[in-house]
Amino acid sequence: RRCHVTLSFPLLETRCVTFGALLRSRMSIDKLFPALLQCFGIILCGYVAGRTNIITSTQAKGLGNFVSRFALPALLFKNMVLLDFGNVIWPFLWSILVAKVSVFFIVCVLTLIVASPQGRYSKAGLYSIFATQSNDFALGYPIVEALYQSTYPEYLQYIYLVAPVSLMLLNPIGFALCEIQKWKNEGNHQHSKLLIVGLVVLQVLKNPIVFMVIIGIIAHFVLHQTIPAFMAEFLDGLSNSFGGAALFYLGLSMVGQLRRLTRSTVVTLILLLTAKLLLMPLICKDMVDLLDNSNISALNHSSLSNYAFLYGVFPTAPSVAIYAVYYNAELEVVTSGMVISTFLSAPIMYVSAWLLTIRWMDPQLLMNSLQNISFNISIVSLVALVWTIAVMVLSKKFKRLPHMFTVNLFIAQFLLCIGMILWNFVVKEDNFIGQILTFTLLCSSLYSTYMWPGLIALSLVLIKRFEDLKVSPSMLIIAGWGIPVLVTALLLIFGEKLSDTIDSVLFYGRPQIICTTFVVAFNILLGGGSLVCLSRGSWAQNDQIQEGNSSFATAEDLEVENLSSCLWLLFNRVPGRLYLELQFFCAIVNYGQGLFSFALFGLDKHLIILPFKKRLYRLWHGKAEEEVPQTADLPEDIRMTCTQFTKYHKDQCLQEIVKKKRCGKRTMVDCFLGCELVNWLQQVGLAQDRGEAVLYGLRLQQGGVLHHIKQEYDFQDSPLYYRQGKTLSSTEFIFCYTNTSGCVFFFFCKLSNKTSCQSKEGKV
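Residues numbered from 1 in each chain as written. Predicted model: local features only at pLDDT ≥ 70, side-chain atom pairs only at ≥ 80, totals over all residues. Heavy atoms only, no water.

### Quick look at unusual backbone geometry
Positive phi, close to 65°, is recorded for Gln225, a residue that is not glycine. Mapping Gln225 onto the fold places it in the loop between helix 10 (208-222) and helix 11 (229-240). Despite not being glycine, Lys396 has its phi angle at roughly 60°, a positive value. For Lys396, the location among the structural elements is in the loop between helix 17 (363-394) and helix 18 (403-426). (Helix = DSSP H or I, 4+ residues; strand = E, 2+ residues; numbered from the N terminus.)

Okay, structure coming up:
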């Protein structure tokens, strides 16, 4: 009724329409979380299936071929025929095209300038494709459908129009650069440049996705935007199978990819992810704002702009990893980046979609939401930190370096959570002394969490260089707690409290922002410089340094976000919606540091994981894990595998991979690495891929043919040490007898051409 009453007032009419559109958009946001859960749930199922070798990599290739060569081409052909070009806003497509081309050439040019001459062109080609080719159909389409099906259903068809931009325009340029690199590596330059161009064009045309898009556009005009009845059911059957199969295959393709990540590729990966998940959406949004001048409705223009931003956040498509395998270049960066970008995109898309719908929300309501998020995550983080600190104390790691400093970091995080929980109650009351005391605890503990990562990195440098910490640990402890307390005291003395804010980050206004910027910047420089020193020269592979460096690297990434927030406020008084998104992420990483600490240190192997594993094994099987299995109790497939291996392959395997190995200060006799057996099984043809080799090794372990040297791990494709098992074959026997004095004698005999026996005496 209000809408009808106020039709004569244009301003009020606009507000009414805007409210209705916001309401519809809000309802669409409610569908986003189930869509994300559906997509990433199926991806997780695929990952678990591949990780547990339910589906091996060879079997996964068949599913991948079905998805890319049958299901997706059918889906594209169907939608190209049914596409309604009359409702397309073409400036939106030109905006996405300009954004993709811009990011492609920025990444390409920077790579050509910075990269070393060896592999420069292949890096430029693959990195540019990585930054611009999105997972539009498997992951992007369900998200767009959840957001815009009820409000702007015409937006769904843009997915099919935008995707060919990369496939037919940008990817061929990247392929040409990779072919140029192959041409340079050959040295003799047998192939001409014209032949290289021909190979690239042929490779693009052979792509079934490109081919079916072209055929679909032709059929669109020939068939007059209708699919014949005899083809409709067939195309529906193939196209409907794409969604779940593609997501499941995406999870399968992620298995083992993060193992390829090395310290030397971390910086490259961070830059690529920044270009893909930050630069791309920003340019897409800005291009729509600039080029879409024909759209009369401001509301439609804003929704298109938001849609462009969300489209830019879509993660990298898994097909980029296939290109890297084909050209045998940059596998570590591309495969690891594909996995990380996929899982980073979920929270970014959700938070971005939510914040883009609250353009006219009350600022006070936003601050209350931010305060509630900080309070809730502090409670969860507090529980995780109590557990983590207890593990460090019970395992007595806190007595060793650098864990002594790591425990101080955990205590600072614990006090930070306590401070935020208290702040949630004190800030709403008119209690000046309570607010100052709580703010002192909160601010000093927050600054301490910024200090300790840099100090931990510095201690690692000193330990590595001098094989002992030359500086007294007490000096670093004093610095880790003293500097934050000093900065907080200066802020309380010279700062001026703002009375109209409940945000602890802005409680003292600009002076607090300057202090935070100084502390964070100092520790980023200290930690970054230490990281450079640690990366140079030889690297001592011991657990303490590895775990300490993991803690430092994680906290260092978190500090880069509170710094971005502070710099934004220093140079821009108007926050904007992207700043609000940054603030929400900062709240999560600041007060949720305990969750990262728990993930790295909360599950101690010897104190928690192994005892739990052994107890679970006993409850499940009713016997000890180390007990030698009886042949009669084994399943048929395990007995057949063990018999085959022992009879035909065991001697050859022992000769080729079983050697004396040194593990730390111990010399292990007659052992081998799990990854060595995996390679050997593939070489002799007992397994087609690494997944089948792991299954073969697990059967050998279950049959007692091999076992881990400490009985702690199942067989894995990793540098873990294994030994030959002590099971008895059909020609091996144990005899025993007891003499009159109560001593029992055991005789181990092996019946062969020359019988040999060993004896062992023990008290009954």
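Resuming the write-up.
### Notes on the pattern of salt bridges
Counted under the stated rule, the structure contains 3 salt bridges. Here Asp236 makes a salt bridge to Lys78, at a shortest N to O gap of 2.9 Å. Pair noted here: Asp236 is in helix 11 and Lys78 is in helix 4 (residues 57-82), with a separation of 158 residues, a long-range link. Look at Asp236 and you get partly exposed, because its relative accessible area is 24%. Between Glu636 and Arg639 there is a salt bridge, with the nearest N and O atoms lying 2.4 Å from each other. With Glu636 and Arg639 both in helix 26 (residues 636-657) and 3 residues apart, the pair spans about one turn of that helix. Assessed through its relative accessible area of 44%, Glu636 is described here as partly exposed. (Salt bridge = Lys/Arg side-chain N within 4 Å of Asp/Glu carboxyl O. Buried < 20%, exposed > 50% of the residue type's maximum accessible area, 1.4 Å probe, protein only.)

### Side note on the nonpolar core
If you look at the biggest cluster of nonpolar residues, it comprises 93 residues, and the most contacted ones within it are Phe92, Phe137, Ile143, Tyr148, Tyr158, Phe242 and Tyr307. Residue contacts for Phe92: discarding those within four places in its chain leaves Tyr158, Val162, Val288, Leu304, Tyr307 and Ala308. Within the second largest apolar cluster, 24 residues are counted, among which are Leu442, Phe507, Val519 and Ala587. (Core = buried A, V, L, I, M, F, W, Y, C linked by side-chain atoms within 4.5 Å. Contact = heavy atoms within 4.5 Å.)

### Concerning the packing of aromatic side chains
For the coordinates displayed, the defined rule picks out 27 aromatic pairs. Each ring, one from Phe66 and one from Phe70, has its centre 6.4 Å from the other, and the planes form 20°; the classification is stacked. With Phe66 and Phe70 both in helix 4 and 4 residues apart, the pair spans about one turn of that helix. Between the aromatic rings of Trp423 and Phe439, the centroid separation amounts to 6.3 Å while the plane-to-plane angle is 50°, which identifies the pairing as tilted. In this pair, Trp423 sits in helix 18 while Phe439 sits in helix 19 (residues 432-466), placing the two residues 16 residues apart along the sequence. Residues Trp423 and Phe439 agree in their burial class; the two are buried. Among the aromatic residues, ring-to-ring pairing joins Phe92, Tyr148, Tyr152, Tyr155, Tyr158 and Tyr307 into one connected group. (Phe/Tyr/Trp six-rings, centres within 6.5 Å; stacked < 30°, edge-to-face > 60°.)

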